[in-house]
Amino acid sequence: FFFLMIRRPPRSTQSRSSAASDVYKRQVHGGTRDMTPLQMSIKREAITKITEVFIKHGAVEIDTPVFELKETLTGKYGEDSKLIYDLQDQGGELLSLRYDLTVPFARYIAMKNIQNIKRYHIAKVYRRDQPQMSKGRYREFYQCDFDIAGSYGLMIPDAEIVKIVDEILTNLNIGQFLIKINSRKLLDAMVELSEAPKQKFKSICSSIDKLDKETWETVRRELIEDKGLKPEQADRLGVFVTYKGSPFEL
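Attention now goes to the overall build of the protein. Looking only at helices and strands, the protein features nine helices and six strands. Looking at the protein residue by residue over its 250 residues, the buried ones come to 30%. Across the protein, every contact between residues at least 6 apart in sequence was considered, and the portion connecting residues at least 24 apart equals 63%. By element, 54% of the accessible surface of the protein is carried by carbon and sulfur atoms, the whole surface being about 17,700 Å².

Right, let's talk about unusual backbone geometry for a bit. Its identity as a non-glycine residue notwithstanding, asparagine 113 has a phi of 55°, on the positive side. As for its position among the elements, asparagine 113 is in the loop between helix 4 (102-111) and strand 5 (117-126). By relative accessible area, asparagine 113 is classed as exposed at 58%. The phi angle at asparagine 173 is positive, at roughly 55°, despite the residue not being glycine.

Taken in spatial order, the three strands of this open sheet run 2-4-3, and their pairing is antiparallel. At either margin of the open sheet sits one strand with a lone partner, and together these are strand 2 (67-69) and strand 3 (86-88). Sheet twist, expressed as the mean angle between neighbouring strand axes with direction ignored, is 40°. Direction of pairing for strand 3 relative to strand 4 (residues 94-97): antiparallel, over a ladder of three bridges. Bridge pairing links aspartate 86 to serine 96 in strand 4.

On to the nonpolar core. Nonpolar side chains in soluble globular proteins tend to be buried together. Met190, Ile204, Leu223, Leu237 and Val241 are the most contacted members of the largest nonpolar core, which has 15 residues in total. Among the elements of the structure, helix 6 (184-193), helix 7 (201-208), helix 8 (216-225) and helix 9 (231-241) are those that each provide at least two residues to this core. When residues in this core are grouped by element, the largest group, four residues, is from helix 7.

This next bit is on a nonpolar patch on the surface. A cluster of nonpolar side chains, contributed by Val66, Phe67 and Leu87, occupies part of the molecular surface with about 220 Å² of accessible area. Relative to the assigned elements, leucine 87 resides in strand 3. Given the relative accessible area of 34%, leucine 87 is considered partly exposed.

Here we come to the pattern of salt bridges. Overall, the coordinates contain 17 salt bridges when judged by the stated rule. Aspartate 147 is the partner of arginine 119 in a salt bridge, and the nearest nitrogen-oxygen pair spans 2.8 Å. Taken together, the residues arginine 119 in strand 5 and aspartate 147 in strand 6 (residues 140-149) connect sequence positions 28 residues apart. The shortest N-O distance in the salt bridge between aspartate 188 and arginine 184 comes to 3.1 Å.

Attention now moves to the packing of aromatic side chains. In this structure the tally under the stated criterion is three aromatic pairs. Relative to tyrosine 120, the ring of phenylalanine 54 has its centre 5.3 Å away and its plane inclined at 35°; by these criteria the two rings are tilted. One end of the pair, phenylalanine 54, is in helix 2 (residues 37-56); the other, tyrosine 120, is in strand 5, and 66 residues separate them in sequence. Taken individually, phenylalanine 54 and tyrosine 120 each receive the classification buried, so the pair is uniform in this respect.

Moving on: the sheet that holds strand 1 (residues 60-61). Overall, mixed pairing links the three strands, which are arranged 1-5-6 in an open sheet. On the outer flanks of this sheet lie strand 1 and strand 6, each paired with one strand and no other. As paired strands, strand 1 and strand 5 are joined by two bridges and run parallel to one another. Directly across from glutamate 61, in strand 5, lies its bridge partner tyrosine 120. On the sheet, helix 2 packs against strand 5 and strand 6 and is oriented at approximately 155° with respect to strand 5. Across the sheet, helix 4 touches strand 5 and strand 6, and the angle it forms with strand 6 is around 40°.

Turning to helix 9, a few remarks are in order. Within helix 9, burial applies to Gln233, Ala234, Leu237, Gly238, Phe240 and Val241. The arc enclosing the buried residues of helix 9, seen along the axis, measures out at 160°, which places them on a common side. Looking at the buried residues of helix 9, the elements they touch are helix 6, helix 7 and helix 8.

Computed from the structure, the second largest pocket encloses a volume of approximately 560 Å³. Along the wall of the second largest pocket there are 17 residues; nearest its centre are Arg33, Met35, Lys43, Phe141 and Tyr142. Residue contributions to the lining of the second largest pocket peak at six residues, all from helix 2. For the lining of the second largest pocket, the residue count by class is 11 nonpolar, two polar and four charged.

Each value, and the rule that gives it
Each chain has its residues counted from 1, running along the sequence as written. Given that this is a predicted model, residues contribute local features only at a pLDDT of at least 70 and side-chain atom pairs are listed and counted only at 80 or more, while totals for whole chains, interfaces and linings are drawn from all residues. Side-chain metrics in this entry use all non-hydrogen atoms of the structure; hydrogen atoms and water are not considered. A helix here means a DSSP run of H or I that spans at least four residues, while a strand means a run of E at least two residues long, and both kinds are numbered starting from the N terminus. For every residue, the accessible area (1.4 Å probe, protein chains only) is compared with the maximum for its type, and the residue is labelled buried under 20%, exposed over 50%, or partly exposed between those bounds. Throughout, a contact is declared for two residues whenever any of their heavy atoms are within 4.5 Å. Computed with a 1.4 Å probe, the accessible areas rest on the Shrake-Rupley method; for each residue, only the protein chains presented here act as cover. Two strands qualify as a pair provided DSSP detects at least 2 bridges between them. Here, axes are lines fitted to C-alpha atoms. For helices the fit covers the stretch in contact, and angles between N-to-C directions go from 0 to 180 degrees. To form a nonpolar core, buried Ala, Val, Leu, Ile, Met, Phe, Trp, Tyr and Cys residues must be joined to one another through side-chain atoms within 4.5 Å. Exposure above 30% relative accessible area and the absence of a salt bridge qualify a residue for a patch, where like charges join within 9 Å and nonpolar side chains (Val, Leu, Ile, Met, Phe, Trp, Tyr) within 5 Å. The rule for a salt bridge is simple: a side-chain nitrogen of Lys or Arg has to be within 4 Å of a carboxyl oxygen of Asp or Glu. Only Phe, Tyr and Trp rings are paired, with Trp represented by its six-membered ring, and only when their centres lie within 6.5 Å; those with planes under 30 degrees apart are stacked, over 60 edge-to-face, the remainder tilted. The arc refers to the directions leading from the helix axis to the C-beta atoms. Residues are called lining when one of their atoms sits within 4 Å of a cavity or pocket point, these points coming from a 1 Å grid over the protein atoms alone, where a cavity is a set in which a 1.4 Å probe fits but cannot get out and a pocket is an open set with protein on both sides within 12 Å along at least five of seven lines. Grid points are joined across faces, edges and corners, and a volume is the space filled by probe spheres set on the points. Classes in brief: Ala, Val, Leu, Ile, Met, Phe, Trp, Tyr, Cys and Pro nonpolar; Asp, Glu, Lys and Arg charged; the others, Gly included, polar.

What follows is the structure in structure tokens.
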């Protein structure tokens, strides 16, 4: 059987306030969005190309629940823990929507006592952040993770990750691209040379991470006004975090 539902358009006599209320109910929550058929088609093609590269490099796919026990996520993200969406089930158990795919993966391999694995996971994550849709900052968005866990040859997994990123971006045909490598040793050195307090390392890194979407002036102001760095410390740090070149030059 084929069922067809036809809805009558709103009557012209409907009150202005009622009409406004009806429009409001049809809006999506801030920081989220609907996806059109065209957008879904583009996303599906992109995910297919990304997945092909992951499988080529020997990865397997896993999935984890969209929410975790709150205690699993607590204390894993520093000051960004305030951005976690908390839930409460009918039994009173405290739960949270996943903030990323990394911590659930760590819980996964610990529960199953996995020693070596290459895994990929493409799924939605949630952050109670101030959305900036024009800059690509959403409260609900996809993350694409590839992790190599276990014992492998020195620097081999690191080199393979860079190779995977290069293959994916090339296959997606996005044009010229630049791969940025995050090094904890370099970050440690930057903070030390800037003479910023070592105990503020995580807080400083949280601000530096925003340089992909914010200007250095905005991040500098946050470091001074919100994180408590002295202006001269922030300026010394800025010399390093705004520099572009090879690690040896830096």
